[in-house]
Amino acid sequence: MNATPSPAASGGAPPLRLGTRRSALAMAQSGLVADLVRDVTGRPVELVEITTYGDTSREHLAQIGGAGVFVSALREALLRGEIDLAVHSLKDLPTAEPEGLALAAVPRREDPRDALIARDGLTFAQLPPGARIGTGSPRRAAQLNAWARSLGLDIETVPIRGNVGTRIGYVRSGRLDAVVLAAAGLTRLGRIGEATELLDADHVLPAPGQGALAVECAASSASLAARLAEIDDPYTRVAVTAERSLLAALEAGCSAPVGALADLLGDGQVVTEMRLRGVVGTLDGTTLVQLSTTGPVPASPGDAADLGRVLAAEMLAKGAAGLMGERAL
């Protein structure tokens, strides 16, 4: 565990210790949150780098279960008092609420869509026959295969691990024709310009919570939690709550082939409705259960969770449970 020191604030307030994974993306995300936290607390923030099991395991995420593999070491450090707050990619968080910790803030969401980075500037529809597309996500594989079938394309989804640079490198070196990554991560790393297509959610729904960050602290740190609440975005909070409630009600982990997105709809000035879409599919894309529901913007996270549970029940009634048993790509 390494700390990046921060200069002492005027008045000598001790720095807040923000726990983060060591990857370039995690550090970029944590740096963004650190700036927000400095603004609302007036205190310096130092980044404390922590290695998680997901960072050291060489297995594919679908094989090691996904849920919590990038999270548990940060949470343990919080509970031991070694750090004051932690930043996670919200899509990595298990849906079960941990005892002793509080989800203090969900800042405003970045673009939740997936992005294609393909050779020669190609879009998905322009990929050649037999194109090899790298992804570590069963959710992406299921929907990409279904989309390809609808276009009459023949593709192969290839399981990959590694950081953003490593994955893009597979395309640059010619080992793969394309990779699919979260647009939010590319934006935070300043690499969104390398995307050859942003994948419309009508074709590929993102992971529940994709594009959002989660800021956790100890539940006992009531004063810190109150300050962190100032960087919470209420619209993002209700949207991701609905998505994660759907995931939980399907009893699926974050490596399951489940996509969900809550869109806030309005006239450009006032948000009036929320549309929640969900999808579950077989890895080969031959079978998808995809449903949506639209209603008033939830007045509270509890109402948003109810919306997710209702849509999940409808999906289960359509056979979603039988599509989530596959794990390995």
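Residue indices begin from 1 for each chain and proceed along its sequence in written order. Note on the predicted model: pLDDT of at least 70 is required for a residue's local features to be given, and 80 or more for side-chain atom pairs to be given and counted; whole-chain, interface and lining totals, by contrast, use all residues. Remark: hydrogens and water are excluded; side-chain values derive from all non-hydrogen atoms of the structure.

In the annotation of an unreviewed UniProt entry, the chain is listed under the name Porphobilinogen deaminase and assigned to Streptomyces malaysiensis. UniProt positions are given in the numbering used here, feature names are shortened, and annotations may be inferred rather than shown by experiment. In UniProt, the chain has this text filed under Sequence similarities (unreviewed entry): "Belongs to the HMBS family." Per UniProt, the chain has the following entry under Subunit (unreviewed entry): "Monomer."

Caption draft 1: Quick look at the sheet that holds strand 13 (residues 271–281). Two strands qualify as a pair provided DSSP detects at least 2 bridges between them. Per the convention used, a helix needs a DSSP run of H or I reaching at least four residues, while a strand needs a run of E reaching at least two, with both numbered from the N terminus. With antiparallel pairing, 3 strands are arranged side by side in an open sheet as 12-13-14. Of all strands in the sheet, those bounded by a partner on one side alone are strand 12 (258–266) and strand 14 (288–296). Taken over all neighbouring pairs, the strand axes of this sheet differ in orientation by 15 degrees on average, direction set aside. As paired elements, strand 13 and strand 14 share 9 bridges and run antiparallel to each other. From the neighbouring strand, Val279 faces strand 14, where its bridge partner is Gln290. Each of strand 13 and strand 14 is contacted by helix 10 (residues 301–317), which is oriented at about 35 degrees to strand 13, the strand it contacts most. Orientation is described by lines fitted to C-alpha atoms, with helices fitted over the stretch in contact, and by angles between N-to-C directions that extend from 0 to 180 degrees. Residues count as neighbours in contact if any of their non-hydrogen atoms are within 4.5 Å of one another.

Caption draft 2: Looking closely at helix 4 (residues 72–79). Relative accessible area decides the class of each residue, using a 1.4 Å probe on protein chains only: under 20% of the type maximum gives buried, over 50% gives exposed, and in between gives partly exposed. Among the residues of helix 4, Ala73, Leu74, Arg75, Ala77 and Leu78 are the ones counted as buried. If you follow the buried residues of helix 4, they end up packed against strand 2 (16–20), strand 4 (85–89), strand 5 (101–105) and strand 11 (213–218). Trailing helix 4 by a residue or two, Gly81 shows a phi angle of about 80 degrees, which is positive.

Caption draft 3: Main features of the environment of Asp202. Structurally, Asp202 can be placed in the loop between strand 10 (197–199) and strand 11. The spatial distance from the C-alpha of Asp202 to the C-alpha of Trp147 is 9.8 Å, given a sequence separation of 55 residues.

Caption draft 4: Spotlight on the confidence of the model for the chain. Values of pLDDT, the confidence the predictor places in each residue, fall between 0 and 100. Residues at a pLDDT of 70 or more form 88% of the chain, whose mean pLDDT is 89. Taken as a whole, residues 6–10 scores under 50 in pLDDT and shows 8 contacts with residues more than four places along the chain or in a different chain. Considering only residues more than four positions removed or in separate chains, one finds that residues 60–65, a stretch of pLDDT under 50, has 19 contacts.

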